[in-house]
Amino acid sequence: MSSQRVGTGIGWLRIRSVILLGLLVPVLGLAVISGREIAGKQDERDASVRLRDAADQLRAGIDFRSAVATEEIHSTVLGLALDLGIDADDTEQIDARRVRADLADARGAVDDARAEEAGPVVADELRRLDDLRADLDAGRAGRDAVSDVFTELNLALAEQWEVDLAEIERTADLQPQTGAVRARLRTLRYSIEAFSLGGPRINTALELLLDGPTTAATERLVGLNDRFAMAVLRATPPEGSAAERAWRTFEQDESVAITESTLSAAVDVGLGSSPPWQELELGLVAAGLADGERWGLLLTEVVGAAARDLSEAADAHAADAGYDVRNETLLAAGLVLASVAVGLVTAAALARPARDLQAAARRVEAGDFESDPVPVRGPSELRETGVAFNDMAATLAAVEDHAVALAEDPDDPVLDDPLPGRTGLALQQAIDRLRTSVHQAETHRAELFELATHDGLTGLLNRAAAFTAIQRDLSRARRDGTHLLAFYVDLDGLKQLNDTYGHDVGDEAIVRTAEALRTTTRESDVVARLGGDEFMVVGPVPEGGREEIAAFAERIRAAVSLQSVTLDHDEAAPLRCSIGVALSDERTATAEGLVRAADEAMYAAKHAGRDRIAWVDASPEPRDGTPR
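Source: prediction; values computed, not measured. (Residues numbered from 1 in each chain as written. Predicted model: local features only at pLDDT ≥ 70, side-chain atom pairs only at ≥ 80, totals over all residues. Heavy atoms only, no water.)

**So, the overall build of the protein**
For step 1, the next point in the chain: When you go through the protein residue by residue, the secondary structure sums to 19 helices and eight strands.
For step 2, the next point in the chain: Buried residues in the protein amount to 42% of all 628 residues.
For step 3, the next point in the chain: By sequence separation, contacts in the protein at least 24 residues apart represent 71% of the contacts at least 6 residues apart.
For step 4, the next point in the chain: On the protein, roughly 32800 Å² of surface is accessible, and the fraction owed to carbon and sulfur atoms is 54%. (Helix = DSSP H or I, 4+ residues; strand = E, 2+ residues; numbered from the N terminus. Buried < 20%, exposed > 50% of the residue type's maximum accessible area, 1.4 Å probe, protein only. Contact = heavy atoms within 4.5 Å. Areas by Shrake-Rupley, 256 points an atom, 1.4 Å probe, with all protein chains shown as cover.)

Laid out in structure tokens, this is it:
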């Protein structure tokens, strides 16, 4: 009794170990792994949210800088007009642009947005801008004053943009971002660079056009143009994005083409390949620079679109990361619950393996090999015992299946499944040899049946098999109240062929005749060679009656006539046949009677000249009236 208690105690300790391993280890592992995954996804989400907010802040400054750029263009045109003594309201000289009215609108847009953007540096430059406005309105400021004030203001705004962009890039580097976010960040960076080069390009062009060409100004404008072209190239936006559409609009706009043409003209003046600036039509120059308003606005829209793309991509990444956080949390909770459930089920099921083995052994003892396998569970000893028992039961079941299959059907696919184990291997070899013997016997029997029922030369049914089939069809016809037709086909001139050219030619004639019968008869017809040059065709009477029967017989006669045999010197001898037709009735109720009646009609065809058809109850019907 004590030994049993010790065994029970050991078994209980193993159960508790399994429960602890089944519950504690997976739960702790899941908690650690899932916690790290969730924390990482949460960090990604937070970084994407910060990136989105930084992009939105950058977008907030774009409208302000756009307004500043618009005011700069109109202020430059007004300053240029003042320098040249052109009346800003003279529509004939500046292409019908009311400069002062447009400038007032631009100033209003700047004033509306300046409260949000007035940092300490920008605020100082805005005060200088207010002074410039007063001087322009009083006619005291020219193009140089405009260039100085707006250059400093744009530098301050550019520095603020650089700060915002650096914050965006720093935020993007904190966590791995998607390819979409990286691509849009690159587009934004180079779109801003292209925009930032707009003011310096126009100011340098004005310097060349109005102050006269200098080497320094020319080289500076060429360099600015190259940097602008490179920034545009590097800013290639993702396909289908808002930035792509904005860049396409910029490149196709007529105002952009006019402004770029004016900038190119300034380069040509600097290089000496165009007339000096004094010879240029100032109105056209002013018009070209006035189109710069649209040019600058479109560049601003490009930057805004790029910032919007980045914000949307970051927002989408944040949403995806949040979705992943929720999924990871739910998955971790589900796995923990599943682990607990598995542990509880395992604990409840550990006592059953022994009872399962006992019940299964009783079933096998009773000859029941098809029962379900013993579940493999519990401590290692019981699992190994369960596996061994299942293998043994599977072997016994397979042996039983093979024995039954071999007895019922030697071709059963189950016999191709190898039996397991050494004993199964020996039994499988014995079964394979027995199957081979059975197949050989079946093949031999089939060959004997073929020889017993078919003509060796033509492959058609022989006389005995044909009479058996005809008698069967007569019995069926009597039950159905129908009739059979019988064609007795005799090959004309076979004896002469044999005597003159040998039996090989005669055999060829017989084979050719058999081929003609195969191609013209129906699937339901009994087609046989009765012996020598005599053939028989028996089948159902067609619906067309006598006319259809005559047409059927004629098709057979014509098919034989199309056949020929090869004689000496490649000479071909056509074949001919005589056909006797008979129908089943009370006088021909047996196979012998029906064949005999058709035979008599065939002899009537022979006596009438051969190569024709004759009926048992009528005179022969010659093909062309010429006896043969």
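**Considerations on the confidence of the model for the protein**
For step 1, the next point in the chain: The predicted model of the protein has a mean per-residue pLDDT of 78, with 78% of residues at 70 or higher.
For step 2, the next point in the chain: Across residues 1-10, confidence stays below pLDDT 50; counting only partners more than four residues off in sequence or on other chains, it has zero contacts.
For step 3, the next point in the chain: Here residues 618-628 scores under 50 on pLDDT; set against residues more than four positions off or in separate chains, the count is 25 contacts. (pLDDT = per-residue confidence, 0-100.)

**Examining the side chain of Q563**
For step 1, the next point in the chain: Looking at the element boundaries, Q563 is found in the loop between α18 (546-561) and β4 (564-566).
For step 2, the next point in the chain: We classify Q563 as buried; its relative accessible area is 19%.
For step 3, the next point in the chain: When residues no more than four places from it in sequence are discounted, the contact partners of Q563 are R512, E515, A516, P574 and L575.

**Description of the pattern of salt bridges**
For step 1, the next point in the chain: The tally for this structure, following the rule as stated, stands at 23 salt bridges.
For step 2, the next point in the chain: Among the salt bridges present, the one from R133 reaches D130, with a minimum N-O distance of 3.8 Å. In this pair, R133 and D130 are both assigned in helix α3 (residues 120-138), three residues apart and thus about one turn of the helix distant.
For step 3, the next point in the chain: Among the charged side chains, a salt-bridge network with shared partners connects E71, R107, D130, R133 and D137. (Salt bridge = Lys/Arg side-chain N within 4 Å of Asp/Glu carboxyl O.)

**As for the packing of helix α15 (residues 463-480) against helix α19 (residues 591-607)**
For step 1, the next point in the chain: Taken N-terminus to C-terminus, the directions of α15 and α19 make an angle of 105 degrees; their axes are 9 Å apart at the nearest point. Relative to α19, α15 is oriented roughly perpendicular. For the pair α15 and α19, contact is made by F467, I470, Q471 and L474 and by A591, E592, L594 and V595, respectively.
For step 2, the next point in the chain: Within the contact of α15 with α19, the residues separate by chemical class into six nonpolar, one polar and one charged. (Axes fitted to C-alpha atoms, helices over the stretch in contact; angles between N-to-C directions. Parallel < 35°, antiparallel > 145°, perpendicular 65-115°, else oblique. Nonpolar A, V, L, I, M, F, W, Y, C, P; charged D, E, K, R; others polar.)

**Thoughts on the nonpolar core**
For step 1, the next point in the chain: By size, the foremost hydrophobic cluster in this structure holds 52 residues, and its most contacted members are I168, L188, F250, W295 and L310.
For step 2, the next point in the chain: The set of elements that each furnish at least two residues to this core consists of α1 (2-84), α4 (143-174), α5 (179-196), α6 (198-211), α7 (215-234), α8 (242-252), α9 (254-271) and α11 (292-349).
For step 3, the next point in the chain: In terms of residue count, α11 provides more of this core than any other element does, eleven residues in total.
For step 4, the next point in the chain: Sequence-distant contacts of I168, defined by excluding residues within four places in its chain, comprise L51, A54, A55, L58, L185, L188 and L310.
For step 5, the next point in the chain: Grouped together as the second largest cluster of nonpolar side chains are 31 residues, I510, A514, V560 and W615 included. (Core = buried A, V, L, I, M, F, W, Y, C linked by side-chain atoms within 4.5 Å.)

**As for the layout of surface pockets**
For step 1, the next point in the chain: In this structure, the largest pocket occupies an estimated 550 Å³ of space.
For step 2, the next point in the chain: What lines the largest pocket is a set of 29 residues, among which R65, S196, L197, G199 and P200 lie closest to the centre.
For step 3, the next point in the chain: When contributions to the lining of the largest pocket are tallied by element, the ones reaching two or more residues are α1, α4, α5, α6, α7 and α11.
For step 4, the next point in the chain: The element that contributes the greatest number of residues to the lining of the largest pocket is α4, accounting for seven residues.
For step 5, the next point in the chain: Along the lines of polarity and charge, the residues of the lining of the largest pocket split into 14 nonpolar, nine polar and six charged.
For step 6, the next point in the chain: Considered as a void within the structure, the second largest pocket measures approximately 310 Å³ in volume. (1 Å grid on protein atoms, 1.4 Å probe; cavity = no way out; pocket = protein on both sides within 12 Å on 5 of 7 lines; lining within 4 Å. Points joined across faces, edges and corners; volume = space filled by probe spheres on them.)

**Quick word on the packing of α7 against α9**
For step 1, the next point in the chain: It is the contact of α7 with α9, at a shortest axis distance of 9 Å, that shows an interaxial angle of 145 degrees. As for the relative orientation of α7 and α9, their crossing is left-handed in sense. Across the interface between the two elements, T218, L221, V222, N225 and F228 from α7 touch E260, L263, A266, V267, G270 and L271 from α9.
For step 2, the next point in the chain: Across the contact of α7 with α9, the residue classes break down as seven nonpolar, three polar and one charged. (Left-handed = near helix turned anticlockwise from the far one by under 90°.)

**So, the pairing of strand β1 (residues 484-491)**
For step 1, the next point in the chain: Burial of β1 is extensive: eight of the eight residues sit out of reach of the surface.
For step 2, the next point in the chain: Sheet topology places β1 next to strand β6 (residues 577-583); seven bridges connect them, and they run antiparallel. Pairing of F487 across the sheet is with V581, part of β6. (Pairing = 2+ DSSP bridges.)

**Focus on unusual backbone geometry**
For step 1, the next point in the chain: The backbone of R610 shows a phi angle near 70 degrees, a positive value even though the residue is not glycine.
For step 2, the next point in the chain: Within the secondary structure, R610 is located in the loop between α19 and β7 (612-615).

**Focus: α6**
For step 1, the next point in the chain: An ideal rise of 1.5 Å per residue puts 20 Å on 14 residues; α6 measures up with 20 Å between its terminal C-alpha atoms.
For step 2, the next point in the chain: Within α6, eleven of the 14 residues are buried, which leaves the element mostly enclosed by the surrounding structure.
For step 3, the next point in the chain: All of the buried residues in α6 are G198, G199, R201, I202, N203, T204, A205, L206, L208, L209 and L210.
For step 4, the next point in the chain: Directly after α6, the chain includes G212, whose backbone phi takes a positive value near 100 degrees. (Expected span 1.5 Å × (residues − 1).)

**Comments concerning the environment of V560**
For step 1, the next point in the chain: With respect to the element layout, V560 can be found in helix α18.
For step 2, the next point in the chain: A C-alpha to C-alpha distance of 7.7 Å links V560 and L517, two positions 43 residues apart in sequence.
For step 3, the next point in the chain: Beyond its immediate sequence surroundings of up to four residues, V560 is in contact with L491, T513, A516, L575, R576 and C577.

**A few points about the side chain of D473**
For step 1, the next point in the chain: Along the chain, the position of D473 falls in helix α15.
For step 2, the next point in the chain: By relative accessible area, which is 10% here, D473 ends up buried.
For step 3, the next point in the chain: Setting aside chain neighbours within four positions, we find D473 in contact with L484 and V526.

**Overview of the pairing of β7**
On any regular strand, side chains alternate: one points to one face of the sheet, the next to the other face.
For step 1, the next point in the chain: Side chains of β7 alternate between two faces, with R612 and A614 and I613 and W615 buried alike.
For step 2, the next point in the chain: Here three bridges tie β6 to β7, and the two strands are oriented parallel to one another. Bridge pairing in β7 places G580 opposite A614.
For step 3, the next point in the chain: Between the parallel elements β6 and β7, the chain passes through α19 in a crossover that is left-handed. (Right-handed = clockwise from strand over helix to strand, strands pointing away.)

**Concerning the packing of aromatic side chains**
The relation between two aromatic rings is expressed through the spacing of the ring centres and the mutual angle of the planes.
For step 1, the next point in the chain: A full pass over the atoms with the stated rule returns three aromatic pairs.
For step 2, the next point in the chain: Plain terms: the ring middles of F228 and F250 are 6.5 Å apart, the flat faces sit at 55 degrees to each other, and that makes the pair tilted. Of this pair, F228 sits in helix α7 while F250 sits in helix α8, and the two are 22 residues apart along the sequence. Each member of the pair, F228 as well as F250, carries the same accessibility label: buried.
For step 3, the next point in the chain: Aromatic side chains W247 and F250 sit 5.6 Å apart centroid to centroid with 90 degrees between the ring planes, which places their arrangement in the edge-to-face category. (Phe/Tyr/Trp six-rings, centres within 6.5 Å; stacked < 30°, edge-to-face > 60°.)

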